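As a plain string of letters, each chain reads:
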Amino acid sequence: MKHLLNTLYVTTQGSYLRREGETLAVEVGDEIRLRVPIHTLGGVVCFGRAMLSPAAMELCMEKQIAVSFLTENGKFLGKVIGKVHGNILLRREQYRRADNDLESVKIARAIIAGKIANGRTVLMRAARDSQSGDSIIVLSQAARKMGHTIRYLKNEESLDGIRGKEGFAANVYFEVFDHLIVAQKEAFTFQGRSRRPPLDNVNALLSFIYTLLLHDVEGALETVGLDPCAGFLHRDRPGRPSLALDMMEELRPYLADRLALSLINRQQVKADGFLKTESGGVVMDEKTRKTVIIAYQERKRDEITHPFLKEKMEIGLLSYVQAMLLAKCLRNDLPCYTPFVWR
C-alpha cells in the first residue's frame, strides 16, 4: 500500500519556495513560514503569486513531485513534473483501449455507474436525516430516478449513450442539491451547476474542491504508471487530463460534494468569504481557501473500509487505489474495472 503523501498548498501571495538540502522552505518576505521534508510530499500546488527557486524546482523534478500552478482563485494554469516514469507496456495498452470504442465503453460505463450510485447514496442519506417532509419526498424521488438510470446504464453500448445517462443523472442530482443545504440558506442557495466562472457561492466552493481532487487523481494515475491525459469517457484534447477527469467522476459525490455541504452546513465557511467579480463570477478570499484546503486535507485522513479490497485505509488513498485497480484491469489481472461505490 502506498504511503499517503501530503500535498503542499501555497496560498499566501508573495510566497517563495527555496531548497534547503532535502527540504522545501516556504519564505514570505524575510520570514520562513514552513519547512517540509521533500520525502513527505506528493505534490505542490501554487495559487497566484507563489514562486519556486530553480534549486527548489530541480529538487521537485528529481523526486517526481508535480508542481501545479493555479490562479489565486483556483483556475488551473499548468503543471511541471520530471521525467515520465510510467510503464510503457501499461501505457500502450491504455492507448489501445482508449482507441477502441467497445473497450472504452466497458470502463466508462463502470465509472459512471459508480458516480451515479454515490450521488444516489448522498441523496438517500440526506433524506433519512432530513427534518423536512418536503425534502424527504423530493430527495427520495430523485434517488429512485438515479437508481433506474443505473439499471438502464447496464445495457448501454455507446459512449454517447453513457454520456446521455450521466447527464440525465447529473441533472436529477443537482436539481435537488439545494435541499441538502440546511444552513445559511440566504448566502448558499443552489439553483444549478455553473462553471467558468461559477456564478454563486456554492458553485465557487464546489469548483475549488473539484480542482483539489483533480490534482490528487492526476498524481495517483502518474504513480501507478498511467497517462492522465488518455481517457475513456472524456476524449482527447490538448492539455486536458482526460483520464483524471474520468477517474474523479466516481469520487466527486463522496469526497467533494459531501465536503462542500459539510463546510456550509457546519458554518465553517461564511458568506463574507465569497466575492463577486466584475465579470459576474464568484471567488473565495484567501482565508476561506485556506479553510477549505485544511478541511480537505483533514477529510483525507479519515478512515474507510474499501468496498472491493475490504481493507481499512485513509480516504486520501482512494484515488490511488482506484488508479491501481484500473491498471490491473488494463493488465488483465482483473476481469473488469471496479469503481468505488460508497455503502
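To be clear, the structure that these remarks concern was listed above.
Residues numbered from 1 in each chain as written. Predicted model: local features only at pLDDT ≥ 70, side-chain atom pairs only at ≥ 80, totals over all residues. Heavy atoms only, no water.

**Quick notes on the overall build of the protein**
Okay, so step 1: Helix and strand content of the protein: ten helices and twelve strands.
Okay, so step 2: Computed over its C-alpha atoms, the radius of gyration of the protein comes to 20 Å, within 12% of the 20 Å expected for a compact globule of 343 residues.
Okay, so step 3: Structurally, the protein occupies a C-alpha span of about 60 × 50 × 40 Å along its principal axes.
Okay, so step 4: Looking at the 343 residues of the protein, the share that counts as buried comes to 55%.
Okay, so step 5: Total accessible area on the protein stands at roughly 16,300 Å², and carbon and sulfur atoms take up 51% of it.
Okay, so step 6: Taking the average location of the 49 positive side-chain charges in the protein and that of its 41 negative ones, the two points are 4 Å from each other. (Helix = DSSP H or I, 4+ residues; strand = E, 2+ residues; numbered from the N terminus. Rg over C-alpha atoms; globule rule 2.2 N^0.38 Å. Buried < 20%, exposed > 50% of the residue type's maximum accessible area, 1.4 Å probe, protein only. Areas by Shrake-Rupley, 256 points an atom, 1.4 Å probe, with all protein chains shown as cover. Lys, Arg positive; Asp, Glu negative; His and termini not counted. Charge placed at Lys NZ, Arg CZ, Asp CG, Glu CD.)

**Looking at the pattern of salt bridges**
Okay, so step 1: Tallying each qualifying case throughout the model produces 22 salt bridges.
Okay, so step 2: The partner of Arg91 in a salt bridge is Glu222, with the nearest N and O atoms 3.4 Å apart. Remark: Glu222 occurs in helix 6 (residues 201-224) and Arg91 occurs in helix 2 (residues 88-98); sequence separation between them is 131 residues.
Okay, so step 3: Given a relative accessible area of 8%, Arg91 falls into the buried group.
Okay, so step 4: In this structure, the salt-bridge partner of Glu286 is Lys290, at a minimum N-O distance of 3.2 Å. Of this pair, Glu286 and Lys290 both sit in helix 9 (residues 286-301), four residues apart, which is roughly one turn of the helix.
Okay, so step 5: Here Glu286 falls in the partly exposed class, since its relative accessible area comes to 23%.
Okay, so step 6: The partly exposed category is assigned to Lys290, whose relative accessible area is 34%.
Okay, so step 7: Ionic contacts of the salt-bridge type, sharing partners, join the residues Glu93, Arg96, Arg97, Glu103 and Lys106 into one network. (Salt bridge = Lys/Arg side-chain N within 4 Å of Asp/Glu carboxyl O.)

**Concerning helix 4 (residues 133-153)**
One full turn of an α-helix is made of 3.6 residues, so residues set three or four places apart face in the same direction.
Okay, so step 1: For helix 4, with 21 residues, the first-to-last C-alpha span of 30 Å sits near the 30 Å given by 1.5 Å per residue.
Okay, so step 2: By the burial criterion, the buried members of helix 4 are Ser135, Leu139, Ala142, Ala143, Met146, Gly147, Thr149, Ile150 and Leu153. Across the axial projection of helix 4, the buried residues extend over an arc of 155°, all falling on one side. Facing away from the buried side of helix 4 by over 90 degrees, the exposed positions are Asp134 and Tyr152.
Okay, so step 3: Looking at the buried positions of helix 4, the neighbouring elements they touch are helix 3 (101-129) and helix 5 (159-175). (Expected span 1.5 Å × (residues − 1). Arc of directions from axis to C-beta. Contact = heavy atoms within 4.5 Å.)

**What to know about the pairing of strand 5 (residues 41-47)**
Okay, so step 1: Across the seven residues that make up strand 5, a large majority, six, are buried.
Okay, so step 2: Of the pairings in the sheet, the one linking strand 1 (residues 6-10) to strand 5 comprises five bridges and is parallel in character. Within strand 5, the position partnered with Leu8 by the bridge is Val44. (Pairing = 2+ DSSP bridges.)

**A look at the packing of helix 3 against helix 4**
Okay, so step 1: Contact geometry for helix 3 and helix 4: axes closest at 9 Å, N-to-C directions at 160°. The angle between helix 3 and helix 4 falls in the class roughly antiparallel. The crossing of helix 3 and helix 4 is left-handed. Each of Arg109, Ile112, Ala113, Ile116, Ala117, Gly119, Arg120, Leu123, Met124, Ala126 and Ala127 in helix 3 lies in contact with helix 4, whose residues at this interface are Ile136, Leu139, Ser140, Ala142, Ala143, Met146, Gly147, Thr149, Ile150 and Leu153.
Okay, so step 2: Considered class by class, the residues forming the contact of helix 3 with helix 4 number 15 nonpolar, four polar and two charged. (Axes fitted to C-alpha atoms, helices over the stretch in contact; angles between N-to-C directions. Parallel < 35°, antiparallel > 145°, perpendicular 65-115°, else oblique. Left-handed = near helix turned anticlockwise from the far one by under 90°. Nonpolar A, V, L, I, M, F, W, Y, C, P; charged D, E, K, R; others polar.)

**Some thoughts on the packing of helix 6 against helix 9**
Okay, so step 1: Contact geometry of helix 6 with helix 9 gives a least axis separation of 11 Å together with a crossing angle of 45°. Here helix 6 lies oblique to helix 9, going by the angle between them. The two elements helix 6 and helix 9 meet at a crossing, and its hand is right-handed. On helix 9, the residues touching Leu205, Phe208, Ile209, Leu212, Leu213 and Asp216 of helix 6 are Arg289, Val292, Ile293, Tyr296 and Lys300.

**Comments concerning the layout of surface pockets**
Okay, so step 1: Approximately 1,600 Å³ is the volume attributed to the largest pocket.
Okay, so step 2: Lining the largest pocket are 47 residues, with Arg193, Arg195, Arg196, Leu245 and Arg252 positioned closest to its centre.
Okay, so step 3: Elements with a minimum of two residues in the lining of the largest pocket: helix 3, helix 5, helix 6, helix 7 (242-248), helix 8 (252-265) and strand 10 (282-284).
Okay, so step 4: In this structure, the second largest pocket encloses a volume near 740 Å³. (1 Å grid on protein atoms, 1.4 Å probe; cavity = no way out; pocket = protein on both sides within 12 Å on 5 of 7 lines; lining within 4 Å. Points joined across faces, edges and corners; volume = space filled by probe spheres on them.)

**Focus: the side chain of Glu250**
Okay, so step 1: Position of Glu250 among the secondary structure elements: in the loop between helix 7 and helix 8.
Okay, so step 2: For the buried residue Glu250, which engages in no salt bridge, the nearest side chain bearing the opposite charge is Arg252, 11 Å off.
Okay, so step 3: Only 3.1 Å separates the side chain of Glu250 from the side chain of Gln322, close enough to count as a polar contact.
Okay, so step 4: For Glu250, the side chain forms a polar contact with the side chain of Tyr337, separated by 2.9 Å.
Okay, so step 5: Not counting chain neighbours up to four residues away, the residues in contact with Glu250 comprise Ile111, Gly114, Lys115, Asn118, Gln322, Tyr337, Pro339 and Phe340. (Polar contact = N/O pair within 3.5 Å; in protein donor to acceptor, adjacent residues only side chain to side chain.)

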